[in-house]
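Tertiary structure, described
As a plain string of letters, each chain reads:
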Amino acid sequence: MRSTTLLALLALVLLYLVSGALVFQALEQPHEQQAQRELGEVREKFLRAHPCVSDQDLGRFIKDVADALGGGADPDTNSTSNSNHSAWDLGSAFFFSGTIITTIGYGNAALRTDAGRLFCIFYALVGIPLFGILLAGVGDRLGSSLRRGIGHIEAIFLKWHVPPELVRILSAVLFLLIGCLLFVLTPTFVFCYVEGWSKLEAIYFVVVTLTTVGFGDYVAGASPNQNSAAYQPLVWFWILLGLAYFASVLTTIGNWLRVVSRRTRAEMGGLTAQAASWTGTVTARVTQRVGPTAPPPLEKERPLLPPPPCPAQPAGGPLSPALPAKAEPPSPPTPPTASALDYPSENLAFIDESSDTQSERGCALPRAPRGRRRPPNPPRKPVRPRGPGRPREKGVPV
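Residues numbered from 1 in each chain as written. Predicted model: local features only at pLDDT ≥ 70, side-chain atom pairs only at ≥ 80, totals over all residues. Heavy atoms only, no water.

Quick word on the overall build of the protein
A count of helices and strands for the protein gives eight helices and zero strands. Across the 398 residues in the protein, those meeting the buried criterion constitute 17%. Partitioning the contacts of the protein with sequence separation of at least 6, the portion at a separation of at least 24 is 61%. Approximately 31500 Å² of the protein is accessible, and the part contributed by carbon and sulfur atoms is 64%. (Helix = DSSP H or I, 4+ residues; strand = E, 2+ residues; numbered from the N terminus. Buried < 20%, exposed > 50% of the residue type's maximum accessible area, 1.4 Å probe, protein only. Contact = heavy atoms within 4.5 Å. Areas by Shrake-Rupley, 256 points an atom, 1.4 Å probe, with all protein chains shown as cover.)

Observations regarding the pattern of salt bridges
Following the criterion strictly, the structure yields three salt bridges and no others. Measuring nitrogen to oxygen at the nearest pair gives 2.6 Å for the salt bridge that ties Arg43 to Asp55. Here Arg43 is found in helix H1 (residues 3-49), whereas its partner Asp55 is found in helix H2 (residues 55-70), with twelve residues between them in sequence. Taking relative accessible area as the criterion, Arg43 reaches 32% and is therefore assigned partly exposed. In this structure, Asp57 and Arg60 form a salt bridge, with 2.2 Å as the shortest nitrogen-oxygen distance. Taken together, the residues Asp57 and Arg60, both in helix H2 and three residues apart, mark about one turn of the helix. (Salt bridge = Lys/Arg side-chain N within 4 Å of Asp/Glu carboxyl O.)

Some remarks on helix H6 (residues 199-210)
A rise of 1.5 Å per residue sets the reference length of H6, with its twelve residues, at 16 Å; its end C-alpha atoms lie 17 Å apart and thus fit the reference within 8%. Two residues or fewer past H6, Thr212 is found with a positive phi of approximately 60°. (Expected span 1.5 Å × (residues − 1).)

Comments concerning the packing of helix H3 (residues 90-101) against helix H4 (residues 114-159)
At a minimum axis separation of 8 Å, H3 and H4 run at an interaxial angle of 70°. Here H3 is positioned roughly perpendicular relative to H4, judged by the angle of their axes. Taken together, the residues of H4 that come into contact with H3 (itself represented by Ser97, Ile100 and Ile101) are Cys120, Tyr123, Ala124, Gly127, Ile128 and Phe131. A breakdown of the residues in the contact of H3 with H4 according to their chemical character gives seven nonpolar, two polar and no charged. (Axes fitted to C-alpha atoms, helices over the stretch in contact; angles between N-to-C directions. Parallel < 35°, antiparallel > 145°, perpendicular 65-115°, else oblique. Nonpolar A, V, L, I, M, F, W, Y, C, P; charged D, E, K, R; others polar.)

What to know about the environment of Val235
By the element assignment, Val235 lies in helix H7 (residues 231-290). A residue is classified by how much of its surface remains accessible, and Val235, at 4% relative accessible area, is buried. For the pair Val235 and Phe95, spaced 140 residues apart in sequence, the C-alpha to C-alpha distance is 8.1 Å. In this structure, Val235 is in contact with Phe95, Phe191 and Ala220, ignoring residues within four places of it in sequence.

Describing the nonpolar core
Side chains that are nonpolar tend, in soluble globular proteins, to be buried together. Phe191, Val235, Trp238 and Ile239 are the most contacted members of the largest nonpolar core, which has 31 residues in total. Residue assignment for this core shows that the elements contributing at least two residues are H3, H4, helix H5 (164-195), H6 and H7. The contact partners of Ile239, leaving out residues within four places of it in the chain, are Phe95, Ile104, Tyr106, Thr209 and Leu210. (Core = buried A, V, L, I, M, F, W, Y, C linked by side-chain atoms within 4.5 Å.)

A closer look at the packing of H4 against H5
Interaxial distance between H4 and H5 falls to 10 Å at its minimum, and their mutual angle equals 135°. Here H4 is positioned oblique relative to H5, judged by the angle of their axes. Between H4 and H5 the crossing geometry is right-handed. Only Val167, Leu170, Ser171, Leu174, Phe175, Ile178 and Phe183 of H5 make contact with H4, whose side of the interface consists of Leu142, Gly143, Leu146, Ile150, Ile153, Glu154, Phe157 and Leu158. (Left-handed = near helix turned anticlockwise from the far one by under 90°.)

A look at unusual backbone geometry
Here Thr103, not a glycine, exhibits a phi torsion of approximately 60°, which is positive. Mapped onto the fold, Thr103 is located in the loop between H3 and H4. Classification of Thr103 as partly exposed rests on a relative accessible area of 44%. A positive phi angle is found at His161, which is not glycine, with a value near 60°. In this structure, His161 sits in the loop between H4 and H5.

Considering a nonpolar patch on the surface
The grouping of Met1, Leu6, Leu7, Leu9, Leu10, Leu12, Val13, Leu14 and Leu17 at the surface amounts to a nonpolar patch, some 940 Å² of accessible area in total. Considering the arrangement of structural elements, one finds Leu9 in helix H1. (Patch = residues over 30% accessible without salt bridge, like charges linked within 9 Å, V, L, I, M, F, W, Y side chains within 5 Å.)

Here's the deal with the side chain of Thr188
Following the sequence through the fold, Thr188 ends up in helix H5. Apart from residues lying up to four places away in sequence, Thr188 is in contact with Lys199, Ala202, Ile203 and Val206.

With respect to the confidence of the model for the protein
For any part of a model where pLDDT is low, the fine detail of the predicted coordinates should not be relied upon. Per-residue pLDDT for the protein has a mean of 75; in total, 68% of the residues score no lower than 70. The secondary-structure element of the protein with the lowest mean pLDDT is helix H8 (residues 344-362), recorded at 42, while H6 shows the highest, at 92. Scored below 50 in pLDDT, residues 312-326 shows five contacts in the model against residues more than four places distant or in partner chains. For residues 335-366, every residue scores under 50 in pLDDT, and the model assigns this stretch 29 contacts once sequence neighbours within four places are set aside. (pLDDT = per-residue confidence, 0-100.)

Printed below as a string of structure tokens:
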């Protein structure tokens, strides 16, 4: 990631944080001040009703109650009712361990002993990576199952001759709707029935849990009225499947963004190539119209020699026949060049060839082709006459 992109992203996140802080402050600060005033009024009313209790003793009592509530004590529990209830039974302890490795950390139950805190450090260091591996595997299987089911629906749409682009959009919407129905809406109604929460409180708990925020103001199974030991372990398995679904959704979104990025890069590369080709075409046309300002330097040309003088013909006598020369094999035709100024060596060859043509046109005698000349054939020796019984050779005078 480039430095400018990173700085822009950091500025965006900081702006998002500041805007969230201002909204939460405007919404929650008046409620906090009202609660603080109500607490002061209740305290003064208690002191007026009980003049034997000093203000310092009441303050120490309130502090001890707050510490006890932070340690997991329930103010509704006393020695006469629900004496067997514990925040650290097997089901609650299992749920607490699950909140550690899922990094939710509700905070409604906290460790108060040094041994428990020391064990929690090593337990989290080992359990969080282990749960991450499990979450990836479950998310892969869950996403594959959902996509396989949606694939059958896509086949039905394609049989109905629905356009493929619309089928892809419908499959993505179905994937989101089925996941939200299974892991968001259904648990919301279950928590409304079991915990006695409103619909807003239930969906608030579901979203805060599956996003691993975990404030701890609402926790499933934390009420003393919930006596089922298997309730909180079942809630943890729901958390596992819900987090796996959200992980598969995030993976799908990441793959989609990667594909969009590749397509965008390919399209931008094509546009850049077209722009470069158009620019080159326009430049070439303008250059041809205006003409080159300075020709590129050519190689050193050979001086053009004047054509050789024609030999004088003797008066009244025919010209002596030219000596036969060895014919050279025809050279292969050279491909035509795109421009006369692109290849300097070929220009020089063209000039040399044109000079030879001019010399041949100015002479009556044909000029022998260049190359290695063959020496003239030696004269034949006279053949001796043969005997009378032998036939004479053809072409030999008697």
